[in-house]
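# Secondary and tertiary structure notes
Below are the chains, spelled out letter by letter.
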Amino acid sequence: MKKILFLSVFLITALHMQADVPPSIAFSNPQSLLEIGGSVQILEDKNDKMSVAEVMASDQFRNSTQKVPNMNLSSSAFWVKLNITNASQAQNLLLVLSQPIMDEVTLYTIDPDGHFTSIKQGEFQAFSKREFKDPDYIFRLHLLSGQQGLYLMKIKSSDQLQFPLMVGTETTVLEHIASKNTLSGIYLGIMLVMILYNLFIYFSVKDKSYLYYVVYIILIILTQTGLQGYPFQFLWPNWPWLAIHADIFSPSLVGVASLAFLHVFLRTKEHTPKLYKISFVFYIVYAINLTLAILDIYKPSFILMEMNAMLVSIYIFVVALIIFIRGYRPARFFLLAWTSFLVGVCIFILKDFGVLPFNDFTRYTMQSGSAFEVILISFGLADRINILKKEKEESQAKALEVLKENEQIITQQNVMLETKVKERTNELSLANLELNKTFNHLKETQSQLVDAEKMASLGQLTAGIAHEINNPINFVKSNIKSLKRTVDEIKDLLERYVGLKPDAALAENLSEIHQSAKEIDVSYSIKEIDELVHGIDEGASRTAEIIKGLRTFSRLGEDDLKKCDVHEGLNSTLVLLNNQTKDLLTIEKQYGDLPEIDCYPGTLNQVFMNVLNNAIQAVSENHGNDHQGRIIIKTKHDDTYAYIHIIDNGPGISPEVKAKIFEPFFTTKAVGKGMGLGLSIAYNIMEKHRGKISVVSELGHGSEFIITLPKQL
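Keep in mind the model is a prediction, meaning the values are calculated, not measured.

Analysis parameters
- Residues numbered from 1 in each chain as written.
- Predicted model: local features only at pLDDT ≥ 70, side-chain atom pairs only at ≥ 80, totals over all residues.
- Heavy atoms only, no water.
- Helix = DSSP H or I, 4+ residues; strand = E, 2+ residues; numbered from the N terminus.
- Buried < 20%, exposed > 50% of the residue type's maximum accessible area, 1.4 Å probe, protein only.
- Contact = heavy atoms within 4.5 Å.
- Areas by Shrake-Rupley, 256 points an atom, 1.4 Å probe, with all protein chains shown as cover.
- Pairing = 2+ DSSP bridges.
- Axes fitted to C-alpha atoms, helices over the stretch in contact; angles between N-to-C directions.
- Parallel < 35°, antiparallel > 145°, perpendicular 65-115°, else oblique.
- Left-handed = near helix turned anticlockwise from the far one by under 90°.
- Nonpolar A, V, L, I, M, F, W, Y, C, P; charged D, E, K, R; others polar.
- Phe/Tyr/Trp six-rings, centres within 6.5 Å; stacked < 30°, edge-to-face > 60°.
- Lys NZ or Arg CZ within 6 Å of the ring centre and 35° of its normal.
- Core = buried A, V, L, I, M, F, W, Y, C linked by side-chain atoms within 4.5 Å.
- Salt bridge = Lys/Arg side-chain N within 4 Å of Asp/Glu carboxyl O.
- Polar contact = N/O pair within 3.5 Å; in protein donor to acceptor, adjacent residues only side chain to side chain.
- pLDDT = per-residue confidence, 0-100.
- Expected span 1.5 Å × (residues − 1).

A few words on the overall build of the protein. Each helix and strand counted, the protein has 18 helices and 20 strands in total. Buried positions account for 43% of the 713 residues belonging to the protein. If you take every contact in the protein between residues at least 6 apart in sequence, the share linking residues at least 24 apart comes to 75%. About 39,000 Å² of surface is accessible on the protein, with carbon and sulfur atoms providing 60% of the total.

Spelled out as structure tokens, the structure:
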């Protein structure tokens, strides 16, 4: 029963299909393309849910009344029914939909028994999947000579829906493509020449107007060629999403670029400040429009874009007209160029709305208008150079007149000035003598202060050395007293042994001597002598080490340039400062493998002394006697320089103090604890070495002084 019911439905559908077949379109001339848009039937599928069987069974098809069917802007899907007869001798016919900006185009070939095959194309899929590598949608009909075929074409797009349909042989279709590509190539060539021309002028005169205009031309090219599908073919063939959305992105960006160029070229901010502010409303609308497009809210985005583009076109025309009326010469070229472009846009839009026929003239009129616009504005930009040149010449002429007037005034004033200059010269000569005296006095004072600072450092150093030497000397002195007493006891004992005589009292004398040896404990005395001698030796060694450090530090007679070991200078300085660091803070040495470098040893050690002394004082003030104070000395080098890093965990230095730290007489110490010349002297010594001294510090994070020395002078 089910099989019978299905067969009945199929037969009724098939009969209905045969009954609704449109009149046959006979293709007879293989030498030309046949336009068939006026001989098809069209069905609107508002919900885009109808199947092929439902479409074939529908009685809602309407005959096309236009040579190029125009469905305007619609979210519906449209079905086009075609009945084509190959009345020519050609064996292969092609069906062409010459409208590249369709989102989806599907051709269904209906067999006599009701079955169908389909081929899908459109911007929804990658360009590489097309059989014919052309922006137009081209399908093979597989009609031999004398055959008739029934076809359905489903078309859907978020853009303007126009169906320029043609049938022809492969040869005529390729000729049509070549003709179309030639026109587009001429347009693209004109635009590229204008880009190179304006770029050349931009690099010559550095006027940003030309750069804005180049960006505007590039966006115009993308927009105009986008209507022909070329960007999808050549720029983003594997990015269908961009191909669909580029129809909104490119025109929107062109609108933004045209407003920006208008403001730069016509100086709207100066000539029409109120209208200039209005333009920001259009920028906001374009931003909303682009956001909607990105979110795939396509139809509202397209409508908003077209409305905004219309208002922007009117706004630009009005602004240019007002500025032209006010006498600004470049507005003449801009107004003429914009008018030619608007004429092309109007013809294109009238074609979209069916007021004008769809043909090559109306189809390419916007490209022609944009080409004329670009050429005319380029003339305007070139004329602007002449205007700027004329303005420059006028300003130079005025400046020359002013200079001549000033020359006369100066000549008159020179006579008066010469007299005053002579009087003033005498006064200055007297003042100069006084200044020389003052300057010499200041130099003497400065020299005295530097010497005083050195003496203060020397006094502090001497006190520390005296304290350091006093400790081992006292230790030696006290040990010598004990050693003398012990040696005297041993000596007395030895003398008694030596004085023994082999007589009757020998045994008694030996007994007394043995008793004395027990009393003084000879073994303990010998051990004590060893310890005392060792202590004296250690004190003497410590004294010798201090003397050696002092001699190394002072480098007497070595202020000439020579090679020296930086580590030796650092170690000798630390020996002399040992009194200030002992039991109060930790010195950590992280020495690298430094070679000997060219330097002035005596003055370089003075730098180490001043920097380390400051670091010790800072750490002592910050940590007191908590034994947490720490100073790290790092050394390293590269191909050119040696680096000494002295890092402390003191209180750090504020930015205000750090900016003045190397200035003479600047100090943060209390009165009587230095004159602020230590780091200034170190800075000058580093300049003599062609090196530098810098500081990295923050309050609460300690300080790091970096001494940079060239390895060769």
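Turning next to helix α14 (residues 566-576). Among the 11 residues that make up α14, nine are buried, leaving the element largely enclosed by the rest of the structure. For α14, the complete set of buried residues consists of V566, H567, G569, L570, S572, T573, L574, V575 and L576.

The next thing to look at is the sheet that holds strand β2 (residues 34-35). Here four strands make up an open sheet; going across it, the order is β2-β13-β7-β10 and the pairing antiparallel. Of all strands in the sheet, those with a lone pairing partner are β2 and β10 (137-140), marking the two edges. Contacts between helix α3 (residues 170-205) and the sheet are confined to β7 (93-97), β10 and β13 (165-169), with β13 contributing the most and set at about 125 degrees to the helix.

Let us look at the environment of I597. Tracing the backbone shows I597 in strand β16 (residues 597-599). Here I597 falls in the buried class, since its relative accessible area comes to 1%. For I597 and C564, which are 33 residues apart along the polypeptide, the C-alpha to C-alpha distance reads 5.8 Å. Sequence-distant contacts of I597, defined by excluding residues within four places in its chain, comprise K562, K563, C564, V566, A642, L709, P710 and K711.

Contact geometry of helix α6 (residues 240-266) with helix α9 (residues 298-325) gives a least axis separation of 10 Å together with a crossing angle of 20 degrees. Between α6 and α9, the angle falls in the class roughly parallel. The handedness of the crossing between α6 and α9 is left-handed. For the pair α6 and α9, contact is made by I244, H245, D247, I248, P251, S252, S258, L259, L262, H263 and L266 and by Y298, S301, F302, M305, V312, Y315, I316, V319, A320 and I323, respectively. Taken together, the residues that form the contact of α6 with α9 break down as 15 nonpolar, five polar and one charged.

The final tally for this structure, using the stated rule, is 18 aromatic pairs. Ring geometry for F261 versus F265: centroids 5.3 Å apart, planes at 10 degrees, classification stacked. One end of the pair, F261, and the other, F265, are both in helix α6, four residues apart, so they sit about a helical turn from each other. Each member of the pair F261 and F265 is classed as buried. Cluster of aromatic residues (ring-pair linked, three or more members): Y213, Y216, F261, F265, F334 and W338. When the ring centre of Y202 is taken as reference, the NZ or CZ atom of K206 above it lies at 5.8 Å.

Core analysis: the biggest nonpolar cluster contains 46 residues, and Y213, I217, L266, Y315, I316 and F334 have the highest contact counts within it. Going through the elements one at a time, α3, α4 (208-226), α6, α8 (273-294), α9, α10 (330-352) and α11 (360-498) are the ones with two or more residues in this core. With sequence-adjacent residues up to four places away left out, Y315 is seen in contact with L259, L262, H263, L275, Y276, I278, S279 and F282. In terms of nonpolar packing, the next biggest core, distinct from the first, is built from 37 residues, L574, I646, I681 and I685 among them.

To continue, consider the packing of α8 against α9. Where α8 contacts α9, the axes come no closer than 10 Å and their chain directions differ by 160 degrees. The angle between α8 and α9 places the two elements in the roughly antiparallel class. Crossing of α8 over α9 shows left-handed handedness. Across from L275, Y276, I278, S279, F282, V285, Y286, I288, N289, L292 and A293 in α8, the residues of α9 making contact are S301, L304, M305, N308, A309, L311, V312, Y315, V319 and I322. Looking at the contact of α8 with α9 residue by residue, the class counts come to 17 nonpolar, four polar and no charged.

Attention shifts here to unusual backbone geometry. With phi around 50 degrees, R267 is a residue other than glycine that occupies positive phi space. When you line up the elements, R267 lands in the loop between α6 and α7 (268-271). A relative accessible area of 26% places R267 in the partly exposed class. A positive phi angle, close to 65 degrees, is found at D296, a residue other than glycine. Within the secondary structure, D296 is located in the loop between α8 and α9.

Taken together, five strands build an open sheet; the order of strands is β15-β17-β18-β20-β19 and the sheet is mixed. Looking at the sheet topology across the chains shown, the edges are occupied by β15 (585-590) and β19 (692-697). Mean inter-strand twist for the sheet, computed between neighbouring axes without regard to direction, equals 15 degrees. Of the strand pairs in this sheet, β19 and strand β20 (residues 703-710) are connected by six bridges, and their pairing is antiparallel. Bridging from a neighbouring strand, I693 pairs with I707 of β20. Lying over the sheet, α14 contacts β15, β17 (629-637) and β18 (641-648), oriented at roughly 165 degrees with respect to β17. Running at roughly 25 degrees to β20, helix α18 (residues 678-688) makes contact with β19 and β20 of the sheet.

With that settled, the discussion passes to the pattern of salt bridges. Considering all chains together, one arrives at nine salt bridges under this definition. With a shortest N-O distance of 3.0 Å, D48 and K156 are connected by a salt bridge. In this pair, D48 sits in the loop between β3 (41-45) and α2 (52-57) while K156 sits in strand β11 (residues 148-156), placing the two residues 108 residues apart along the sequence. Judged by its relative accessible area of 26%, K156 is partly exposed. Close ionic contact of E170 with R140 constitutes a salt bridge, the shortest N to O distance being 3.6 Å. With a gap of 30 residues between them, E170 in helix α3 and R140 in strand β10 connect regions that are remote in the sequence. Given the relative accessible area of 33%, E170 is considered partly exposed. The exposure class of R140 is partly exposed, given its relative accessible area of 22%. Here the salt bridges share partners, and the residues they tie into one network are D48, K154 and K156.

Our focus in this paragraph is the environment of I490. Examined against the element boundaries, I490 turns out to sit in helix α11. When the C-alpha atoms of I490 and I526 are compared, they prove to be 8.7 Å apart, with 36 residues separating the residues in sequence.

A few words now on the side chain of Q125. Positionally, Q125 belongs in the loop between β9 (116-121) and β10. Only 3.0 Å separates the side chain of Q125 from the backbone oxygen of K120, close enough to count as a polar contact. Each residue touching Q125, except ones within four places of it in the same chain, is listed here: K120, F232 and P240.

Let's shift gears to the confidence of the model for the protein. On average, residues of the protein carry a pLDDT of 80, and 80% of them reach 70 or more. For residues 1-19, every residue scores under 50 in pLDDT, and the model assigns this stretch nine contacts once sequence neighbours within four places are set aside.

Right, let's get into α3. With 36 residues, α3 ought to run about 52 Å at 1.5 Å a step, and its terminal C-alpha atoms sit 52 Å apart, in line with that. One or two steps after α3, the chain reaches K206, where phi turns positive at roughly 60 degrees.

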